[in-house]
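Coordinates in review
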Amino acid sequence: MKIIKEGNELVLRLPLLQKENNFYKGEEDLIDTQNLIGVVSGNEYTISQLNDLSYKGDQQEGMPIIYFSSKEELKEACKTCGIDIWEHPLCAYCGKVIRGSSTWASKGTQCWDCSNLENLEASPLS
Ligand SMILES: [Zn+2]
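The paragraphs below set out a description of the structure included in this document. (Residues numbered from 1 in each chain as written. Predicted model: local features only at pLDDT ≥ 70, side-chain atom pairs only at ≥ 80, totals over all residues. Heavy atoms only, no water.)

1. Comments concerning the overall build of the protein
- Summing up its helical and strand segments, the protein has 2 helices and 10 strands in all.
- Listed by position from the N terminus, the elements making up the protein come as β-β-β-β-β-β-β-α-β-β-β-α.
- The C-alpha radius of gyration computed for the protein amounts to 19 Å, which surpasses the reference 14 Å derived for 126 residues by more than 25%, pointing to a less compact arrangement than a globule.
- On the principal axes, the C-alpha backbone points of the protein span a range of 65 × 40 × 20 Å.
- Looking at the 126 residues of the protein, the share that counts as buried comes to 31%. (Helix = DSSP H or I, 4+ residues; strand = E, 2+ residues; numbered from the N terminus. Rg over C-alpha atoms; globule rule 2.2 N^0.38 Å. Buried < 20%, exposed > 50% of the residue type's maximum accessible area, 1.4 Å probe, protein only.)

This is the structure:
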């Protein structure tokens with residue numbers, strides 16, 4: 001990231017691409033991949049760092065860099081810059097944002113906390 005002053009504006013320069021992170025490949029075989037990702041997480045809209053984990057065929061959301069006030073504002077910025085958007089699902093039981101894995105239950109996507117609670121209540125030991 002590079003921060004500069006242009007007139008009365010603070011300008012952030014963020015690379016749109018990064019080299020994939022794959023120690024199984026030689027340096028010359030590493031391809032470019034996205035460096036940033038748009039994230040919709042409930043009512044939070046950000047452009048975040050994209051952590052490339054090509055060595056295990058995965059990518060993860062990293063630290064948020066820019067916050068937007070609406071989904072439309074985020075979509076517009078991502079469209080302008082060619083950045084993909086990930087939207088995290090919400091738990092159909094508690095409404096929390098689900099990052100990572102979840103399960104499927106009768107009402108829809110379910111977070112692990114709600115799933116564990118349900119399993120505890122159904123347990124013959126409780
Ligand atoms: Zn839940």
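Now that the structure has been shown, the text picks up again.
2. Some points on the coordination of the zinc ion
- For the zinc ion, every protein donor is listed as C91 (SG), C94 (SG), C111 (SG) and C114 (SG), and the spread of their distances is 2.3 to 2.4 Å.
- Considering all 4 donor atoms around the zinc ion, angles at the metal cover 107 to 113° and the coordination shape is tetrahedral.
- Summarised as a motif, the one-chain spacing of the donors to the zinc ion is C-x2-C-x16-C-x2-C. Here the residue C91 occupies a position in the loop between β8 (85-87) and β9 (103-105), and C111 occupies one in the loop between β10 (108-110) and α2 (112-122), the gap between them amounting to 20 residues. The burial state of C91 is the same as that of C111; both residues are buried. (Donors = N, O, S within 2.8 Å, 3.2 Å for Na, K, Ca; no water. Tetrahedral: all angles 85-135°; square planar, octahedral: opposite > 155°, others 65-115°.)

3. Some remarks on a nonpolar patch on the surface
- A cluster of nonpolar side chains, contributed by M1, I3, L10 and L12, occupies part of the molecular surface with about 450 Å² of accessible area.
- When you line up the elements, M1 lands in the segment before β1 (2-6).
- M1 gets classed as exposed once you look at its relative accessible area, which sits at 63%. (Patch = residues over 30% accessible without salt bridge, like charges linked within 9 Å, V, L, I, M, F, W, Y side chains within 5 Å. Areas by Shrake-Rupley, 256 points an atom, 1.4 Å probe, with all protein chains shown as cover. Salt bridge = Lys/Arg side-chain N within 4 Å of Asp/Glu carboxyl O.)

4. Points about the packing of aromatic side chains
- For the structure on display, the rule yields 2 aromatic pairs.
- Considering the side-chain rings of F23 and Y24, the 4.8 Å spacing of their centres and the 55° angle between planes classify their relative orientation as tilted.
- A relative accessible area of 63% places Y24 in the exposed class.
- Ring centres 4.8 Å apart and planes at 25° place the aromatic pair F23 and Y55 in the stacked group. Here the residue F23 occupies a position in the loop between β3 (17-19) and β4 (32-34), and Y55 occupies one in the loop between β6 (44-53) and β7 (58-68), the gap between them amounting to 32 residues.
- Since its relative accessible area comes to 28%, Y55 is described here as partly exposed.
- These aromatic residues form a ring-pair network of at least three members: F23, Y24 and Y55. (Phe/Tyr/Trp six-rings, centres within 6.5 Å; stacked < 30°, edge-to-face > 60°.)

5. A closer look at the sheet that holds strand β5 (residues 36-41)
- Sheet architecture is open: 4 strands sit in the order β7-β6-β5-β8, paired in mixed fashion. Either end of the sheet is taken by a strand with one partner, and the two such strands are β7 and β8. Neighbour-to-neighbour, the strand axes of the sheet open up by a mean angle of 35°, direction not taken into account.
- The pairing of β5 with β8 spans 3 bridges and is parallel. Paired with G38 across the bridge in β8 is I85.
- Against the sheet, helix α1 (residues 71-81) engages β5, β6, β7 and β8, with an angle of about 45° to β6. (Pairing = 2+ DSSP bridges. Axes fitted to C-alpha atoms, helices over the stretch in contact; angles between N-to-C directions. Contact = heavy atoms within 4.5 Å.)

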